[in-house]
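# Remarks on the overall topology
Listed below are the residues making up each chain.
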Amino acid sequence: MSTRLGRSLRTRLAMFAGIAMLLLYIIVSASVLYGIRNEASDARAHDIRGKTITVLLMIKRGRLPQVLDPAGLDGIQVINPRGEPVAWTPNLAGQPRVTAAIPHLRQTNDYTTLCDLPAFNGQCQIAVVLIAYQPNGEWTIYGFGPAVPWYVSPQALMFLIGLAVALVALTWFGVSRVVDRTLAPVGDITRKLSLISAGGGGMRVPVPETDDEIKALSETANEMLGRLEEALEQQRVLMERQRRFAADASHDLRSPITAMRTQIEDALLHPEDTDWRETGTEVLASLDRLQAIVTDLLTLTKLDAGAADNREPLDLSELIAAETARPRHKQIITTLQPGLRVLGDRLQLARLLTNLLDNAERHAESKISVSARQDGDDAVIEVVDDGAGIAPDQREIVFQRFTRLDASRSRDVGGTGLGLAIAREIASIHLGTLTLEDSDVGARFVLRIPISED
């Protein structure tokens, strides 16, 4: 198919070039023919004038016969001063004045081409006129000869047609060769692309040595293939993360369900020894954990679907003050710079702060420090606890979904393992970043969000 298309393109380009050459040649040939025809008409008029001048000499000498010798012309007619034909060649005998189109005013020696003369059956003639001045007035002498056709002569016409055929053929051949050589790299690229499959990593198309658009095309194709490989790799990584996420979600959802089933089965086996209030409380706690996990999963699903829904200008310091004012089990110390205006979704940013505070509260010994300040074009919020902290090699792991470090699982009761993942996703949607940075004590979460100009 590609070869057929390539030949079709070559044929079309060669045909267009041939047609363009033919049109250009027709224009040039028409101009050349026009010039040659004018020159030939002047030459023929000069010849007719030379043969007609003998009649003028006869008039001058007073020896004009009534019937004239054509002398190789199509006809000769003499008009006396009264406008009457007085001498003619045999084919014009008895004819009225053949034409009055010439001479033009004040022209004693004139010629033109006429095609509507009845005396010559409508054949185009070169009519030459000479004026003989005599004592009794002006005598007019007309000489007629065949007009030069538009093609000048059959030989000239055949030569021009043969030259046109030769030029079109050479143009067709030359363009076909040039297009073949130009499109040869395209054929190589097409064949290489046809071999590339989803699993064919490292595939690239050949880059020609020429410095032209096809080289740019092949380089762009290689860049595109590189991006496709990266996209496929990212897709494989994402699918692996989704499989791991599904497995982790199934495990975390199964745990409270299993606990509730065990509690209820134990209670049903020994109903008389069961404290149903205590059992209900335990089941309710498992349901709360299950509800928290499902809620966080729904939140992540919404965040994965797109950006913040209800963005508005808001004061980040006021939002932090409102969130930290709620009662908690650990002391919260705030240092807030007023007037930190950002463009964001109030509910999502509040959820981000709540998740950071909840995480800090679970791991802090006694207090949590929250600060907000402007740094360049960003608002910077820091949440620092006085707990054991997180090792540098685990600072990115904690932002993965369903991640709870083994050392802190005993202290992470009630957590879903999704809070920090949700917080980072919200920060990303707001064109910001959420990272874990060095701290003298505990864990230090740093949130950066662009300042709004409004």
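Here the residue numbering is sequential within each chain, running from 1 through the sequence in written order. Per-residue local features of the predicted model are confined to residues with pLDDT of at least 70, and side-chain atom pairs are confined, for both listing and counting, to 80 or more; whole-chain, interface and lining totals are unaffected and use all residues. With hydrogens and water stripped out, all remaining heavy atoms of the structure feed into the side-chain values.

## Section: the overall build of the protein
- Secondary structure elements follow DSSP: runs of H or I of four or more residues count as helices, runs of E of two or more count as strands, with numbering from the N terminus. If you tally the helices and strands in the protein, you get seven helices and twelve strands.
- The buried share of the protein, taken over its 454 residues, is 35%.
- The contacts in the protein between residues at least 6 apart in sequence include a share of 60% that link residues at least 24 apart.
- Note on areas: these come from Shrake-Rupley sampling with a 1.4 Å probe, and a residue is covered only by the protein chains present in the view. By element, 57% of the accessible surface of the protein is carried by carbon and sulfur atoms, the whole surface being about 26,900 Å². Remark: exposure states derive from per-residue accessible area (1.4 Å probe, protein chains only) relative to the maximum for the residue type, with buried under 20%, exposed over 50%, and partly exposed in between. Throughout, a contact is declared for two residues whenever any of their heavy atoms are within 4.5 Å.

## Observations regarding the state of the cysteines
- When the sulfur atoms of two cysteines come within 2.5 Å, that pair is taken as a disulfide. As enumerated under the stated definition, the model contains one disulfide in all.
- Between the sulfur atoms of Cys-115 and its disulfide partner Cys-124 the distance amounts to 1.9 Å. Judged by the sign of its S-S torsion, about 110°, the cystine formed by Cys-115 and Cys-124 is right-handed.
- Taking the relative accessible area as the measure of exposure, Cys-124 reaches 35% and is therefore partly exposed.

## What to know about the packing of aromatic side chains
- Note on ring pairs: Phe, Tyr and Trp rings are taken, using the six-membered ring of Trp, and paired if centres are within 6.5 Å. Classes follow the plane angle, with under 30 degrees stacked, over 60 edge-to-face and the rest tilted. For the structure on display, the rule yields four aromatic pairs.
- On the basis of an interplanar angle of 50° and a centroid distance of 5.0 Å, the ring pair of Phe-120 and Phe-144 is categorised as tilted. Within this pair, whereas Phe-120 is found in the loop between strand S3 (109–114) and strand S4 (125–134), its partner Phe-144 is found in strand S5 (residues 137–146), the two being separated by 24 residues in sequence.
- Overall, the relative accessible area of 7% leaves Phe-120 in the buried class.
- Pairing Phe-399 with Phe-445 gives two aromatic rings, centres 6.0 Å apart and planes at 85°, and the pair type is edge-to-face. Placement of Phe-399 in the loop between strand S10 (378–385) and helix H7 (419–429) and of Phe-445 in strand S12 (residues 444–450) is noted, with a sequence separation of 46 residues between them.
- Take Phe-399: its relative accessible area is 6%, and that puts it in the buried class.
- Ring pairs connect the aromatic residues Phe-120, Tyr-142 and Phe-144, which therefore count as one cluster.

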